[in-house]
Amino acid sequence: MKNLNQQKVSNFVNSLYCPTGAYKFSPHSEEYNSLSTCFALLTFEVLGETPFNLKASLDYLQDFQDKDSGLFIDTTILDKLKGTHNIEYINHQVTYHILMVFDAFGISSKFELNFLEEYKSEVYLNKWLESLNWKNPWLISNNVMFILNFLIHQNEVENKKYIDYILDWLDENQSNENGMWNLGHKSTLHNQMAGAFHFQYFFDYFKRKKNNTNLIVDNTLLIQDYDGLFSYASGGGACDDLDGIDLLCRNYHDVDEYRKDKIIKALMKAKASLLVNQNNDGGFCWAKRTKFNFKNVIHMIPIRLILAKENLDAKRSFIMKVKNIIATIFFKKKLKWQFSGIDKCSIMIDESDIFSTWFRLLSISMIDKVINNEPLKIRSKIGIGYLK
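Residues numbered from 1 in each chain as written. Predicted model: local features only at pLDDT ≥ 70, side-chain atom pairs only at ≥ 80, totals over all residues. Heavy atoms only, no water.

### Examining the pattern of salt bridges
Scanning all chains against the criterion turns up 20 salt bridges. Of the charged contacts in the structure, one is a salt bridge between Lys120 and Glu117, with a shortest N-O distance of 3.1 Å. Taking the relative accessible area as the measure of exposure, Lys120 reaches 22% and is therefore partly exposed. With a relative accessible area of 47%, Glu117 lands in the partly exposed category. Residue Asp218 pairs with Arg259 through a salt bridge whose shortest N-O separation is 2.8 Å. With a gap of 41 residues between them, Asp218 in helix α9 (residues 213-223) and Arg259 in helix α11 (residues 257-276) connect regions that are remote in the sequence. Bridged by salt links that share partners, the residues Asp204, Lys210, Asp246, Arg250, Asp254 and Lys388 form one connected network. (Salt bridge = Lys/Arg side-chain N within 4 Å of Asp/Glu carboxyl O. Buried < 20%, exposed > 50% of the residue type's maximum accessible area, 1.4 Å probe, protein only. Helix = DSSP H or I, 4+ residues; strand = E, 2+ residues; numbered from the N terminus.)

Structure representation (structure tokens):
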């Protein structure tokens, strides 16, 4: 990865190691859990390094699996959940990330994924997909991503019928107006962009045709903020930024030369801002926006979104910038973020954490692959970071 001191990143991740084999979420907390450990090990995957005492870390993760259901359940993070993430969501999320780690380092789980049995019915899958809250594609696309990943991980040949059913359903319900997934509900383009990010890598994995790629690229470029990143509050957001960057990189070879030029310019601008999010300790933060930025005042009125008649996004962009301006002046200590509503994964937005470090490294790696035509292959197995 050009212009990046990978050794500093590696040192940062190693500094989070605990004697149990786990990794802490950040240097500013003694808390560690299954997810923070997964994020650390997946960061090593991006770096192409073998983690220190890998066996201890993998044994630590293995112990979370429930023998009966096959789910990996970390009870230490299930208390004090906030927001829209419920216990089932967190259990699926933990299972998803642990299985990604196992795939990365070539080991298998101890028990079968018995909880998947109810999803092996086309009737059930249809009812389940239709029942999801498509007013919030960002959130519920994770649910779909988890189940697809589980079916593939368990046995993609035997489960192909159910995998194809979900992907066919996604094809049928993709918007021909903006290329995203909203099933006719009002939702910001920004929210829908995150949903598309959770779906598209499955189409690449199975070499399926991706539809409406021009629309997806055009609307992702429309969302990009003045600083090159993909949060309307400015300063980026580890999740938001990877979502936008992944879609631009993933669809680069599927669009015309005019759009390719625009993608390259957008990615170069994004990378410059991503590097700013690296702290002196070698880790990356969620966002750099704790200081008053006069550019937020200049760009408070989102002209590009207004001209595109994306009124929901224009309103969202305006509100987020105003809130950030007020917070940087009066409420700096409240500028925190929390992974998936988990109380033990809470931190100031400009402090280094292991999730942001993983996601920002993925973003930089994908950009380098497209801009420098690097023969990069982060993952050979399915999961976030799979890029053909």
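### Observations regarding the nonpolar core
One broad rule of soluble globular proteins: the nonpolar side chains tend to lie buried together. In terms of nonpolar packing, the biggest core is built from 125 residues, with Phe355, Trp358 and Ile384 touching the most fellow members. Those residues in contact with Trp358, other than ones at most four positions away along the chain, are Phe39, Leu42, Thr43, Val46, His97, Met100 and Ile384. (Core = buried A, V, L, I, M, F, W, Y, C linked by side-chain atoms within 4.5 Å. Contact = heavy atoms within 4.5 Å.)

### Some points on the packing of aromatic side chains
Aromatic ring pairs are reported here in terms of the distance separating the ring centres and the angle at which the planes meet. A complete count under the given rule lists 29 aromatic pairs for this structure. A centroid spacing of 5.7 Å and a plane angle of 20 degrees characterise the contact between Phe39 and Trp358, whose relative ring orientation is stacked. With a gap of 319 residues between them, Phe39 in helix α2 (residues 34-47) and Trp358 in helix α15 (residues 354-371) connect regions that are remote in the sequence. This pair shows no difference in class: Phe39 is buried, exactly as Trp358 is. With centroids separated by 4.8 Å and ring planes inclined at 50 degrees, the aromatic side chains of Phe339 and Phe355 adopt a geometry described as tilted. Placement of the pair is Phe339 in the loop between β1 (336-338) and β2 (346-348) and Phe355 in helix α15, with a sequence separation of 16 residues. Residues Phe339 and Phe355 agree in their burial class; the two are buried. An aromatic cluster is built from Phe25, Phe39, Trp286, Trp337, Phe339, Phe355, Trp358 and Phe359, whose rings are joined through pairwise contacts. The ring of Tyr252 has Lys260 lying over it, and the distance from NZ or CZ to the ring centre is 5.5 Å. (Phe/Tyr/Trp six-rings, centres within 6.5 Å; stacked < 30°, edge-to-face > 60°. Lys NZ or Arg CZ within 6 Å of the ring centre and 35° of its normal.)

### Concerning the side chain of Asn91
Locating Asn91 in the fold gives a position in helix α4 (residues 87-105). With near-sequence residues (within four places) excluded, Asn91 lies in contact with Leu71, Phe72, Ile73 and Leu78.

### Quick look at the environment of Val101
Structurally, Val101 is set in helix α4. Note on Val101: relative accessible area 0%, which makes it buried. Along the chain, Val101 and Ala233 lie 132 residues apart, while their C-alpha atoms are 32 Å from each other. Ignoring anything within four residues of it in the chain, the contact list for Val101 reads Cys38, Leu41, Leu42, Leu58 and Leu61.

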